[in-house]
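# Survey of secondary and tertiary structure
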Amino acid sequence: MKSDELFERAKLVSPGGVHSPVRSFASVGGNPVFFKSAMGAHLTDVDGKEYIDYCQSFGPLLFGHRHPEIAEVVRETIETAWSFGACEPYSLALAEFIVSKIPFIEKIRFVNSGTEAVMSALRVARAATGRSKILKFDGCYHGHLDALLVKAGSGLAGLSSSDSAGIGEELIQNTLVLPLDDDESLIQLFEREGKNISVVAIEPLPANYGLLPQRIEFLKNIATLAKKYGTLLLFDEVISGFRMGFQGMAGLLGIEPDIVCYGKIIGGGFPVGAYAGKAIFMDLVAPQGKVYQAGTLSANPLGMRAGLATLSKAWKEDPYPLIAESTKFLTSNLTSIINEKSDFEWESVNEGSLFWLKQKTNEQIRKVSSIPKGHKENFAKLFHALLKEGIYLAPSGYEVGFLSTAHTKEILSETLDKTRTAMKKL
Ligand code: PMP
């Protein structure tokens, strides 16, 4: 197979043969598939085999791969400019659009990734409060910045040590970590340390260690304590932003963060991240304020225009109820087909267009320590059985699945047929 050949070559020139760890099959075993093209809900690999894609580039593609309306805007942009390194109207249009639609955002700064967005937001929070400490939650992933690679998820999920090498104690000495869903520990920590904590960062819908929906009371508790102690509340909506409704989890929960971080959908599939919030905080950023943050390719016209095309389509069409319905249809049928042949019962945790397949548990799992033992191995078997039949899930049991509007009823039914075949062969 061509993928195997390419992987052997890739390993010679790139670490692990990949440019981001979760693309490798380290968590599920075997060699990764190399893809050459994508359209809508489908991927085509270098051997010409087609797959129905439930990874969707890990989330940016709300309307599927290369949606014709977005593709048209991208084509137009290519004919105009690739990069200015100067002021242009496209980022202004996207900024104005977002500011006009999301009440707690007064100003926004575009960067090139979710990691950059969170890294910059922390700097703003430290400047705004004059404090050094940062609070995060076990299992939440906020990108690969030093200070937050502590008890993170994503490519670090399921590893015996969650910390990355190369991050000295001095870089994480100000990072405090709490378990999710634990009000008592939260209150105690704020009583002890609240006055020293610059920012509490959370994925309001943790989606990097499986899908761990939080109780609204817990999230409100965080917001209340943050306010009481003068700590900034940072919602990392890199996955949930513009996916769990246009206003993300903040909108759904009715909780206004001081700073919000975006990535993925905001760039319509191009490398864009953003941090945003109230002007009193955002005005601390250079050149207006003293928090330095810059970027050669920031607010790249391709990302800005693909982002605006995606967001304005989402605003106009409100695709969210439909994709949530598709997700429910898919996962309820998928799990019943799998369960006919499985030694144990599977279920899917769904939130809107996100899903997480796992062993059925009596209670809703809300924190890392409650994830059933053997999950990684069980998922790996299922992953490979489905992959063989042409269904591509994210290659880790700790990553969530993504649906798009391109996943039509026919494609979902085809997925179920393929799953039936996969289970027969298992
Ligand atoms: N925050 C969250 C919640 C994420 O899911 C991710 C990436 N999956 C990031 C931050 C980092 O984003 P990026 O990979 O664009 O740096």
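Residues numbered from 1 in each chain as written. Predicted model: local features only at pLDDT ≥ 70, side-chain atom pairs only at ≥ 80, totals over all residues. Heavy atoms only, no water.

## Comments concerning the overall build of the protein chain
Scanning the protein chain from terminus to terminus reveals 13 helices and 14 strands. The C-alpha radius of gyration of the protein chain comes to 21 Å, within 12% of the 22 Å expected for a compact globule of 426 residues. Taken over the C-alpha atoms alone, the protein chain extends approximately 60 × 55 × 45 Å along its principal axes. Expressed as a percentage of its 426 residues, the buried residues of the protein chain come to 57%. (Helix = DSSP H or I, 4+ residues; strand = E, 2+ residues; numbered from the N terminus. Rg over C-alpha atoms; globule rule 2.2 N^0.38 Å. Buried < 20%, exposed > 50% of the residue type's maximum accessible area, 1.4 Å probe, protein only.)

## So, the domain arrangement of the protein chain
In terms of domain boundaries, the protein chain breaks down into domain 1 (2-62 + 319-425) and domain 2 (68-317). For domain 1 versus domain 2, the distance between C-alpha centres works out to 25 Å. Listed per partner, the contact involves 28 residues of domain 1 and 30 residues of domain 2. Between domain 1 and domain 2, roughly 2600 Å² of surface is buried when both sides are summed, and carbon and sulfur atoms account for 65% of that area. The largest share of the area that domain 1 buries against domain 2 comes from Tyr320, Arg366 and Tyr398, three residues that together contribute 26% of it. On inspection of domain 1 and its partner domain 2, the count reaches 0 salt bridges. Across the domain 1-domain 2 interface, the total number found is 8 residue pairs in polar contact (both at pLDDT 80 or more). Of all elements in the fold, only β11 (346-351) and β12 (354-359) reach the threshold of two or more residues within the side of domain 1 that touches domain 2. A per-class count over the side of domain 1 that touches domain 2 returns 18 nonpolar, 5 polar and 5 charged. (Domains from an automatic or database assignment. Contact = heavy atoms within 4.5 Å. Buried area = accessible area lost by both parts, 1.4 Å probe. Salt bridge = Lys/Arg side-chain N within 4 Å of Asp/Glu carboxyl O. Polar contact = N/O pair within 3.5 Å; in protein donor to acceptor, adjacent residues only side chain to side chain. Nonpolar A, V, L, I, M, F, W, Y, C, P; charged D, E, K, R; others polar.)

## A word on the sheet that holds strand β3 (residues 50-53)
Read across the sheet, 4 strands follow the order β1-β2-β3-β13 without closing on themselves; strand pairing throughout is mixed. Two strands close off the open sheet at either side, each with one partner strand: β1 (35-39) and β13 (391-392). Of the pairings in the sheet, the one linking strand β2 (residues 42-45) to β3 comprises 3 bridges and is antiparallel in character. The partner of Thr44 across the bridge, within β3, is Glu50. (Pairing = 2+ DSSP bridges.)

## Digging into the sheet that holds β12
Paired through their backbone hydrogen bonds, the strands of a sheet run either parallel or antiparallel. Pairing is antiparallel across the open sheet formed by 3 strands, whose spatial order is β11-β12-β14. Of all strands in the sheet, those bounded by a partner on one side alone are β11 and β14 (401-402). Pairing analysis gives 6 bridges linking β11 to β12, with the strands arranged antiparallel. Among the inter-strand pairings, Val349 is bridged to a residue of β12, identified as Trp356. Across the sheet, helix α11 (residues 320-341) touches β11 and β12, and the angle it forms with β11 is around 170°. Sitting on the sheet, helix α12 (residues 375-388) is in contact with β11 and β12, with an inclination near 110° to β12. (Axes fitted to C-alpha atoms, helices over the stretch in contact; angles between N-to-C directions.)

## Here we look at the pairing of β1
Relative to β2, β1 runs antiparallel, the two sharing 4 bridges. Bridged to Phe35 within β2 is Asp45. In this structure, the hairpin formed by β1 and β2 is closed by a connection of 2 residues, where Gly40 is found at a positive phi of approximately 60°.

## Examining helix α1 (residues 2-13)
An α-helix turns once per 3.6 residues; consequently, residues spaced three or four apart project the same way. In a regular helix each residue adds 1.5 Å, so 12 residues correspond to 16 Å; α1 covers 17 Å between its end C-alpha atoms and thus fits that length. Listing the buried residues of α1 in full gives Ser3, Phe7 and Ala10. When α1 is viewed along its axis, its buried side chains cluster within an angular range of 65° and face the same direction. Across α1 from its buried face, at more than 90 degrees, point the exposed residues Glu5, Arg9 and Leu12. (Expected span 1.5 Å × (residues − 1). Arc of directions from axis to C-beta.)

## Some thoughts on the packing of helix α6 (residues 183-193) against helix α7 (residues 216-229)
At a minimum axis distance of 10 Å, the contact between α6 and α7 shows a crossing angle of 5°. Taken together, α6 and α7 sit at an angle that is classed as roughly parallel. Contacts between α6 and α7 involve Asp183, Leu186, Ile187, Phe190 and Glu191 on the former and, on the latter, Glu217, Phe218, Asn221, Ile222, Leu225, Ala226 and Tyr229. Looking at the contact of α6 with α7 residue by residue, the class counts come to 8 nonpolar, 1 polar and 3 charged. (Parallel < 35°, antiparallel > 145°, perpendicular 65-115°, else oblique.)

## Focus: the environment of Pro319
By the secondary structure assignment, Pro319 is in the loop between α10 (301-317) and α11. Pro319 sits in the buried class, given a relative accessible area of 7%. On a C-alpha basis, the gap between Pro319 and Lys11 in space is 40 Å, while along the polypeptide they are 308 residues apart. Once you skip the residues sitting within four places of it in the chain, Pro319 turns out to touch Leu62, Phe63, Ala314 and Thr405.

## Description of the site of the ligand
Near the ligand the following residues occur: Ser113, Gly114, Thr115, Tyr141, His142, Gly143, Glu203, Asn208, Asp236, Val238, Ile239 and Lys264. Interatomic distance of 3.4 Å between a backbone N/O atom of Tyr141 and a nitrogen atom of the ligand. Between a nitrogen atom of the ligand and a side-chain N or O atom of Lys264, the distance comes to 2.9 Å. Alone, the ligand offers 390 Å² of accessible surface; in the complex the protein occludes 82% of this. Each residue belonging to the shell around the ligand can be placed in one class, and the counts come to 3 nonpolar, 6 polar and 3 charged. (Near = heavy atom within 4 Å. Areas by Shrake-Rupley, 256 points an atom, 1.4 Å probe, with all protein chains shown as cover.)

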